[in-house]
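Structure at a glance
Below, each chain spelled out in residue letters.
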Amino acid sequence: MTVDGGDYYHNIVTDEVSWEKPVELQTAEERQTDTSDCIWLEEKSEGGWVPAYVLKRGSNSLKARPVDSKGGKDVDVPLKGGKLYPLTMSHIDKRFLPDDLVLLQSLDPPLVAYCLRHRFQENKIYTWVGADHTVLVSLNPFKRLPIYGPSQIAEFSAPSPNRLQAPHTFAIANAAYRAMTGAKADISILISGESGAGKTEATKQCLNFLADVAGSASGVEQRILQANPILEAFGNAKTLRNDNSSRFGRWMEVHFHARGLHENSISGAFVENYLLEKSRVVSAGKGERSYHIFYQLCASPWAASLSLGDANGYAYLASSGCVSVPSIDDTGDFDEVVTALSAMGFAQEDTQWLFFLCAAILHLGNVKFSPTDGGEGSAVAQAAQSHVGLAAHYLQVDQAALGAALVERQTVVRGEVQRMRNNVKAADEAVEALAKAVYSAMFDELVKRINAAVGGERGVAIGVLDIFGFEIFEKNSFEQLCINFTNERLQQKFNSHTFTQEESLYVAEGAPFDKVPFLDNTPVLELLSAKKPQLGVLILLDEEVRTPQGSDAKWLAKISERHGANPVFGSGSGAGCNGFSFLIRHYAGTRWDAPRTPGAAPHARAQPHS
Ligand SMILES: Nc1ncnc2c1ncn2[C@@H]1O[C@H](COP(=O)(O)OP(=O)(O)OP(=O)(O)O)[C@@H](O)[C@H]1O
Ligand SMILES: [Mg+2]
């Protein structure tokens, strides 16, 4: 046995040493299997791979037995229609499963997945990618591991020069901090991954680490940490994939003094928000929720003064069929938000302003209209008058003016303002548009006020990007297209950093290497945003909404004409699309159909990749 616990075999007659068990020592079952002919078997149920012995090879298929079959079934594997990955058994010996994926014996996807899974089972959720320790893979443990305490912060902030740095978010934060203090240059930490992967948790770990290690003279680091519960209450929601899903992108800069008495300590922070998912304010998918703050308010001591009751009584909250969530403590979380708001220096009237706007939105959601003028016009339904009154009260506007603004619209024709009646559908849309606009403006203002509370001298900065992850819904909004586009870009950045830079290192050192094939996102990025050689989908959308006679059909026709031959694009019945839909094959192996109404509030339908 080796010092690290692995078995090896020494033939004292021939003096040969081998990792493979000699036939003479094998059990009867082991003898049936041939360790020199092994493959990876895809485990469809779990989306992983298991090692297997090949028992018999035929011309069209082979018979394989999973290594850990424990009397389970042998499997017939067709030789056509999928890639067969051969496996060298010694590569999965636990001594060869390193904490850096680049050190694996091969970069076959099954071996990468096997290594990550093996480490995960030992609660090792972090793995490096590359010797420069700038890329970290993190797997969500969905349980609290004792690896984020003060002793780990101390350990990672002063790593031993004689030992290799263990993979950890703290190691990334520490490297960023050391690089920034050393070079007096800004550093970025980019966090990407599917929804629920753990990006926001990783962001918080980085911020905690920096707050602890760098500290501040003014205590501003505590205010920076307090911004989290507020941003999450107003910007996060329960989705099918994540009970605390970020529904906005966040770029957070922690600023440090570049020189002087407090050199390298935290001076302030800056938050920039992107692409808040506005559609969620008025409707969430089945089993999902709107923003946490609405449910918190309904359950809070503020409810009475906001004329709010049970969350089930509000159309915007009840329509998804999901109001209370076992893992979410709305009451406790609300207390945390109120404490954080006061720690951030929000005055009582600022807090009230936020809550008033949320209440106004919930009351707006209950406003209903009745048809008038043979269906061409509409009026606020009698039973809904009180909701208009409450919405107006909390928006602090005149009730009659609000009611009137919902049932008619103004257009400018040849310089003249004309008033037109809204039918019921248009009035419903006007309410939704108002609710979304109010929430979005409030969120922007909230971020502005947080920035005012945490702002300070900007010497040098560490930026942390935490965006919402790649996602495919049953109905994808235009917002989802933007989110997935952002994720495509981030993935491209990762590819370029990991593969292209690693290759350039080999080239610089004159070391021989085999080119590693990797998925290139360029085709999808070009399809969406290129100006050349063809105008991309988003650019064409931009053009279409500016064209007076622009329409869904014309837009789709233009896209299909330009991109019809692009393998990452599909439209028409041949691609399984109907109506105004088209599909894009994203790197995450999914397809989705796109907006139906350019500009305003497009809807889309998605299906798993076929
Ligand atoms: N390192 C971790 N340790 C323990 N639990 C974790 C960790 N990372 C994530 N989780 C759990 O997983 C949940 C989802 O993680 P998180 O909200 O960070 O995902 P996300 O990648 O930001 O997703 P989204 O794109 O939907 O915002 C967390 O609420 C937490 O319960
Ligand atoms: Mg998140």
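What you are looking at is a predicted structure, and each value in this text was computed from that prediction instead of being measured.

On to the sheet that holds strand E19 (residues 460-466), then. The strand order E10-E19-E13-E14 describes an open sheet built from 4 strands, whose pairing is mixed. Of all strands in the sheet, those bounded by a partner on one side alone are strand E10 (187-191) and strand E14 (266-274). The sheet shows a mean angle of 15° between the axes of neighbouring strands, direction not considered. Strand direction decides the pairing type here: strand E13 (residues 249-256) and E19, joined by 7 bridges, are antiparallel. Note that in E19 the partner of Arg250 across the bridge is Asp466.

Protein coordination at the magnesium ion (ligand 2) comes from Thr200 (OG1) and Ser246 (OG), with a distance range of 2.0 to 2.1 Å. With Thr200 in helix H5 (residues 199-214) and Ser246 in strand E12 (residues 245-246), this pair connects stretches of sequence that are 46 residues apart. A relative accessible area of 12% means that Thr200 is categorised as buried.

A word on the sheet that holds strand E3 (residues 38-43). With antiparallel pairing, the 5 strands of this open sheet are ordered in space as E6-E5-E4-E3-E7. Two strands close off the open sheet at either side, each with one partner strand: strand E6 (75-78) and strand E7 (86-87). Pairing analysis gives 6 bridges linking E3 to strand E4 (residues 48-57), with the strands arranged antiparallel. When the bridges of E4 are listed, Trp40 appears paired with Pro51.

Turning next to the pattern of salt bridges. Considering all chains together, one arrives at 27 salt bridges under this definition. Three or more residues joined by partner-sharing salt bridges are found here, namely Arg144, Glu201, Lys204 and Glu232.

What follows concerns the site of ligand 1. Residues in close proximity to ligand 1 total 21 residues, the closest being Asn140, Ser195, Gly196, Lys199 and Ser245. Tyr148 places a side-chain nitrogen or oxygen 3.0 Å from a nitrogen atom of ligand 1. A distance of 3.0 Å is found between an oxygen atom of ligand 1 and a side-chain nitrogen or oxygen belonging to Asn242. Protein contact buries 91% of the 630 Å² of open area that ligand 1 shows by itself. According to the grid-proximity analysis, the pocket containing ligand 1 is the second largest pocket.

Grouped together as the largest cluster of nonpolar side chains are 97 residues, with contacts concentrated most on Phe234, Phe256, Ile293, Phe294, Phe355 and Tyr439. By residue number, the principal contributor to this core is helix H14 (residues 424-454), which donates 12 residues. Once you skip the residues sitting within four places of it in the chain, Phe256 turns out to touch Tyr177, Met180, Leu210, Ala214, Asn264, Ser265, Ile266, Ser267, Gly459, Val460, Ala461 and Ile462.

When the pLDDT values of the protein are averaged, the result is 89; 93% of them are 70 or greater. In the model, residues 595-610 has pLDDT below 50 throughout and makes 54 contacts with residues more than four positions away in sequence or in other chains.

On to the side chain of Asp466. On the secondary structure map, Asp466 appears in strand E19. Side-chain polar atoms of Asp466 contact the side chain of Thr200, separated by 2.9 Å. Discounting residues that sit within four places of it in the chain, Asp466 has contacts with Lys199, Thr200, Thr203, Ser246, Phe248, Gly249 and Arg250.

The next subject is the pairing of strand E5 (residues 61-66). Two strands pair when backbone bridges link them, and E4 and E5 are joined in this way by 5 bridges, in the antiparallel orientation. Bridge pairing links Ala52 to Pro66 in E5. Between E4 and E5, which pair antiparallel and follow one another directly, the connecting turn spans 3 residues. In terms of strand pairing, E5 meets E6 through 4 bridges, oriented antiparallel. Looking at the pairing, Ala64 lines up with Val75 of E6.

About the criteria used
- Residues numbered from 1 in each chain as written.
- Chains lettered and ligands numbered in written order.
- Predicted model: local features only at pLDDT ≥ 70, side-chain atom pairs only at ≥ 80, totals over all residues.
- Heavy atoms only, no water.
- Pairing = 2+ DSSP bridges.
- Helix = DSSP H or I, 4+ residues; strand = E, 2+ residues; numbered from the N terminus.
- Axes fitted to C-alpha atoms, helices over the stretch in contact; angles between N-to-C directions.
- Donors = N, O, S within 2.8 Å, 3.2 Å for Na, K, Ca; no water.
- Buried < 20%, exposed > 50% of the residue type's maximum accessible area, 1.4 Å probe, protein only.
- Salt bridge = Lys/Arg side-chain N within 4 Å of Asp/Glu carboxyl O.
- Near = heavy atom within 4 Å.
- Polar contact = N/O pair within 3.5 Å; in protein donor to acceptor, adjacent residues only side chain to side chain.
- Areas by Shrake-Rupley, 256 points an atom, 1.4 Å probe, with all protein chains shown as cover.
- 1 Å grid on protein atoms, 1.4 Å probe; cavity = no way out; pocket = protein on both sides within 12 Å on 5 of 7 lines; lining within 4 Å.
- Sits in = over half its atoms within 2 Å of the grid points.
- Core = buried A, V, L, I, M, F, W, Y, C linked by side-chain atoms within 4.5 Å.
- Contact = heavy atoms within 4.5 Å.
- pLDDT = per-residue confidence, 0-100.

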